[in-house]
2 protein chains.
Amino acid sequence: MPAHPAAANYPKVVSVHRQSFKPDPRAGELSLLRRIRAYAPGSASSGLRLGIGDDCALLGLRPKEEAAVTTDLSIAGRHFRLDWHAAETVGHRALARGLSDLAAMGARPVAAFLSLGLPRELTLARGRAKPWVERFYDGLLALAAAYKTPLAGGDLAESPLALADIVLVGAVPVGQALLRSGARPGDRLFVTGALGGAAAGLELLGKLAARSNKPSPPRISNQISPLLQPHLAPQPRLPQGQWLRQRGAASAAIDLSDGLSTDLMHICEESGVAAEVDAAALPLHAGASLEQALHGGEDYELLFTAPPTTRLPRSINGVPITCIGRIRKRRAGRPLVALLTPEGAQILEPRGWQHFC
Amino acid sequence: MPAHPAAANYPKVVSVHRQSFKPDPRAGELSLLRRIRAYAPGSASSGLRLGIGDDCALLGLRPKEEAAVTTDLSIAGRHFRLDWHAAETVGHRALARGLSDLAAMGARPVAAFLSLGLPRELTLARGRAKPWVERFYDGLLALAAAYKTPLAGGDLAESPLALADIVLVGAVPVGQALLRSGARPGDRLFVTGALGGAAAGLELLGKLAARSNKPSPPRISNQISPLLQPHLAPQPRLPQGQWLRQRGAASAAIDLSDGLSTDLMHICEESGVAAEVDAAALPLHAGASLEQALHGGEDYELLFTAPPTTRLPRSINGVPITCIGRIRKRRAGRPLVALLTPEGAQILEPRGWQHFC
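1. A short note on the overall build of chain A
Turning to step 1, where the next piece is worked out: Helix and strand counts for chain A come out as 10 helices and 15 strands.
Turning to step 2, where the next piece is worked out: By residue count, 64% of the 357 residues in chain A fall in the buried class.
Turning to step 3, where the next piece is worked out: Taking contacts inside chain A between residues at least 6 apart in sequence as the whole, the part at least 24 apart equals 83%.
Turning to step 4, where the next piece is worked out: Counting only carbon and sulfur atoms, one obtains 53% of the accessible surface of chain A, whose full area is about 13000 Å².

2. Considering the pattern of salt bridges
Turning to step 1, where the next piece is worked out: What the rule picks out here adds up to 30 salt bridges over all chains.
Turning to step 2, where the next piece is worked out: Between Asp54 of chain A and Arg180 of chain B there is a salt bridge; the shortest N-O distance is 3.8 Å. In this pair, Asp54 of chain A is assigned in the loop between β2 (48-50) and β3 (57-59) and Arg180 of chain B in the loop between β7 (163-173) and β8 (188-192), connecting two distinct chains. Comparing Asp54 of chain A with Arg180 of chain B, the two get one shared label, buried.
Turning to step 3, where the next piece is worked out: Linking Glu291 of chain A and Arg351 of chain A is a salt bridge whose minimum nitrogen-to-oxygen distance equals 2.7 Å. You can see Glu291 of chain A sitting in helix α10 (residues 290-295) and its partner Arg351 of chain A sitting in the segment after β15 (344-347), a full 60 residues away along the chain.
Turning to step 4, where the next piece is worked out: In this structure Glu291 of chain A comes out as partly exposed when scored by relative accessible area, which is 34%.
Turning to step 5, where the next piece is worked out: What you see here is one network of salt bridges that share partners, running through Glu276, Asp278, Arg326 and Arg328 of chain A.

3. Re the nonpolar core
Turning to step 1, where the next piece is worked out: Core analysis: the largest hydrophobic core is formed by 112 residues, its most contacted members being Phe136 of chain A together with Phe136 of chain B.
Turning to step 2, where the next piece is worked out: Formed by 26 residues, the second largest nonpolar core is a distinct cluster that contains Leu48 of chain A together with Ala57, Leu59 and Val169 of chain B.

4. Observations regarding the pairing of strand β4 (residues 65-75) of chain B
Turning to step 1, where the next piece is worked out: Judged by how many residues are buried, β4 of chain B sits mostly within the fold: 11 of 11 residues are covered.
Turning to step 2, where the next piece is worked out: Burial along β4 of chain B is two-sided: Glu65, Ala67, Val69, Thr71, Leu73 and Ile75 of chain B and Glu66, Ala68, Thr70, Asp72 and Ser74 of chain B, pointing in opposite directions, are all buried.
Turning to step 3, where the next piece is worked out: As paired elements, β3 of chain A and β4 of chain B share 3 bridges and run antiparallel to each other. Of the residues in β4 of chain B, the one forming a bridge with Leu59 of chain A is Ala67 of chain B.
Turning to step 4, where the next piece is worked out: In the sheet, β4 of chain B pairs with β7 of chain B via 11 bridges, with the strands oriented antiparallel. When the sheet's bridge partners are listed, Ala68 of chain B is paired in β7 of chain B with Gly170 of chain B.

5. Details of helix α6 (residues 197-212) of chain A
Turning to step 1, where the next piece is worked out: Here α6 of chain A is 16 residues long and its end C-alpha atoms lie 22 Å apart, about the 22 Å a rise of 1.5 Å per residue gives.
Turning to step 2, where the next piece is worked out: Those residues of α6 of chain A that fall on the buried side of the exposure criterion are Gly197, Ala198, Ala199, Ala200, Gly201, Leu202, Leu205, Gly206, Leu208 and Ala209 of chain A.

6. Here's the deal with the environment of Ala306 of chain A
All names here are of chain A.
Turning to step 1, where the next piece is worked out: Mapping Ala306 onto the fold places it in strand β11 (residues 302-306).
Turning to step 2, where the next piece is worked out: C-alpha separation for the pair Ala306 and Val90, spaced 216 residues apart in sequence, amounts to 34 Å.
Turning to step 3, where the next piece is worked out: Not counting chain neighbours up to four residues away, the residues in contact with Ala306 comprise Asp187, Arg188, Phe190, Ala249, Ser251 and Leu312.

7. Some thoughts on unusual backbone geometry
Turning to step 1, where the next piece is worked out: Although it is not a glycine, Lys64 of chain A sits at a positive phi angle of roughly 65 degrees.
Turning to step 2, where the next piece is worked out: Mapped onto the secondary structure, Lys64 of chain A falls in the loop between β3 and β4 (65-75).

8. Section: helix α9 (residues 260-271) of chain A
Residue and element names in this part refer to chain A.
Turning to step 1, where the next piece is worked out: Between its first and last C-alpha, α9 extends 16 Å over 12 residues, near the 16 Å set by a 1.5 Å rise per residue.
Turning to step 2, where the next piece is worked out: With 10 of its 12 residues buried, α9 lies for the most part within the structure.
Turning to step 3, where the next piece is worked out: All of the buried residues along α9 are Leu260, Ser261, Thr262, Asp263, Leu264, Met265, His266, Ile267, Cys268 and Ser271.
Turning to step 4, where the next piece is worked out: Once α9 ends, the next one or two residues include Gly272, with phi positive near 70 degrees.

9. A look at the pairing of strand β8 (residues 188-192) of chain A
All names here are of chain A.
Turning to step 1, where the next piece is worked out: Of all 5 residues making up β8, 4 are buried, and the element is well covered by its neighbours.
Turning to step 2, where the next piece is worked out: One ladder, built from 5 bridges, connects β8 with strand β13 (residues 319-328); its direction is antiparallel. Across the sheet, the residue bridging to Val191 is Thr322, located in β13.

10. Points about the packing of helix α4 (residues 87-105) of chain A against helix α5 (residues 132-146) of chain A
Each pair of packed helices can be described by the angle between their axes along with the distance between the axes.
Residues and elements named next belong to chain A.
Turning to step 1, where the next piece is worked out: Packing of α4 against α5 brings their axes to within 6 Å, and their N-to-C directions diverge by 40 degrees. What the angle tells us is that α4 and α5 run oblique. Helix-helix and strand crossings are classified by hand; for α4 and α5 the assignment is right-handed. Of α5, the residues touching α4 (which contributes Ala87, Glu88, Val90, Gly91, His92, Leu95, Ala96 and Leu99) are Trp132, Arg135, Phe136, Asp138, Gly139, Leu140, Leu143 and Ala144.
Turning to step 2, where the next piece is worked out: For the contact of α4 with α5, the per-class residue count stands at 10 nonpolar, 3 polar and 3 charged.

11. Regarding the side chain of Asp101 of chain B
Turning to step 1, where the next piece is worked out: Within the secondary structure, Asp101 of chain B is located in helix α4 (residues 87-105).
Turning to step 2, where the next piece is worked out: At a separation of 2.8 Å, a polar atom in the side chain of Asp101 of chain B contacts the side chain of Thr70 of chain B.

12. Describing the environment of Glu66 of chain A
Turning to step 1, where the next piece is worked out: Here Glu66 of chain A lies in strand β4.
Turning to step 2, where the next piece is worked out: Among the residues examined, Glu66 of chain A registers a relative accessible area of 4% and is labelled buried.
Turning to step 3, where the next piece is worked out: Once residues within four sequence positions are removed from consideration, Glu66 of chain A is found in contact with Leu61, Gly170, Ala171, Val172, Pro173, Val174 and Gly175 of chain A together with Arg49, Leu58, Leu59 and Gly60 of chain B.

Conventions used here
- Residues numbered from 1 in each chain as written.
- Chains lettered and ligands numbered in written order.
- Predicted model: local features only at pLDDT ≥ 70, side-chain atom pairs only at ≥ 80, totals over all residues.
- Heavy atoms only, no water.
- Helix = DSSP H or I, 4+ residues; strand = E, 2+ residues; numbered from the N terminus.
- Buried < 20%, exposed > 50% of the residue type's maximum accessible area, 1.4 Å probe, protein only.
- Contact = heavy atoms within 4.5 Å.
- Areas by Shrake-Rupley, 256 points an atom, 1.4 Å probe, with all protein chains shown as cover.
- Salt bridge = Lys/Arg side-chain N within 4 Å of Asp/Glu carboxyl O.
- Core = buried A, V, L, I, M, F, W, Y, C linked by side-chain atoms within 4.5 Å.
- Pairing = 2+ DSSP bridges.
- Expected span 1.5 Å × (residues − 1).
- Axes fitted to C-alpha atoms, helices over the stretch in contact; angles between N-to-C directions.
- Parallel < 35°, antiparallel > 145°, perpendicular 65-115°, else oblique.
- Left-handed = near helix turned anticlockwise from the far one by under 90°.
- Nonpolar A, V, L, I, M, F, W, Y, C, P; charged D, E, K, R; others polar.
- Polar contact = N/O pair within 3.5 Å; in protein donor to acceptor, adjacent residues only side chain to side chain.

Given below as structure tokens:
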């Protein structure tokens, strides 16, 4: 008779709590967890004071800072596909989603937390190949290191469905965070980088995967096509967000996770304004269509507004800045978001990543 | 042809991002999300400055405080069963896990974040009955209100598997958090409340569920038996943790989530010490066995150590405090954790919630 009624009644649980991380060396998790626990780049400067190994992590803020917190859930078959995306890509993209939210607030990263649910087979080594989970961490930790974000904790459980919930804690001077609610009529509308690349890359990835006829994800890298880069390895615009915040240059900001049409609607809703987008001004990614730029989503560029008197450079930290339209007063009978084309003004419906559809 | 390649290639995604919470009134989510968004009890005092509605929530700490952060992943079939547990119970228990981690650090709650993955049918109303998800929030928010913890954000996605990842951010004066690593030889070992009740209640719940022959969870409440209370509605020991921290009374602390035998091992490992438990001193919950008290887990009581000179009351905020043993130096040939019984000393193996087993 099992000693533990919970164990007897529940399916057996593989749960590595952040605070314990007590691995079973038989299963090969030891090296993984040692690596995770040892990994704390930039911890001293970021503010991480106590990482993995207790009931909570402890994070310090600098004087006159407040914490910015965001969570993003990625689920197999919804946000990624095990047969399309390499483990490293899934890890990179999960963290990039969270870092991009910090970028949109102008925050600096303090620490990341990861709750990971994985089928057992993804935690096991196959011959000499690294286990999926270890390659997932390779991708996630490489991006974390690039943006000096220590992994401070999380939770790991066996799950029939692969899923990753990423939590980012950032810091921003009190009252200086870039909000969605600050856009005012007359402000100009800007984006960083190029648009539609993620959607175009995803479309290409689907075609390549359909051709490969392999049960496991094709070893597709962005070396095959630079068009895959925005989808497989999006870069959070942290330096750009912090630049805008430090100079008080942006009146409102959001990251382009759902697609320009949807995310611009969020700014209009939160700010109580309307907006116009100049179709001809949109910085299309090479290989992307106008449709993809407007509705594609997952570009993780910043969409922001700035007062008309604000002078902005052509690029920030090597990433181009493009004026794509302007903020208007709301008027009855005029669309909340309009797309201006040579054929005239059209209603720009939010057709990006649909929530609750 | 769909306008959005991502939508065309991925299964259709139902994702309510905290920052958008843009519900579809057709699906009946409007009232739910209005409620969630409107819900911010204690926000001013807790430190929540900006909740649902932007890319991140913003949290302020008081001067000389640091943040305590914990995440806990609950998965259907692992941490709860849809056929055993009412939706309110799943919500309560998910939040209780996180609040208990804050309690173990002596932290006060600042805000909670919830990433929720649910099958579509759990978001829909059945006739006049509330949707499962709304009852889940009923349970979670009732506990949140009791401990003045605003729900500041999260993520909601359709998922074939029901899961909830709870994130708690708390605050604690810098350097004063109760850690696992502070136990010293000579310290006495204490627990709050009674032990084994959660395991005994779970065992009873399993028997009741087996008898009910219903596809949906039996309407079992703790009115049927007080023995179900510790399992169905555990109370995080936040007042007790804060009491101990404010008075500098505890040298180390952990919450009993995995079971006394396992959690005491964590204290011994992190503190570099050994421990002895007096079997006769254990405060067994009525109806619980010694085995359940030692290994059952999920009691969410606090296990803590205090120097021998520290005087502790018999109860804190109405919850009994019991001395159950002592901390020893590690010695070769002596067990790390020993159970003292009338028959002599035994090795107390960690047989609670096994990590990575």
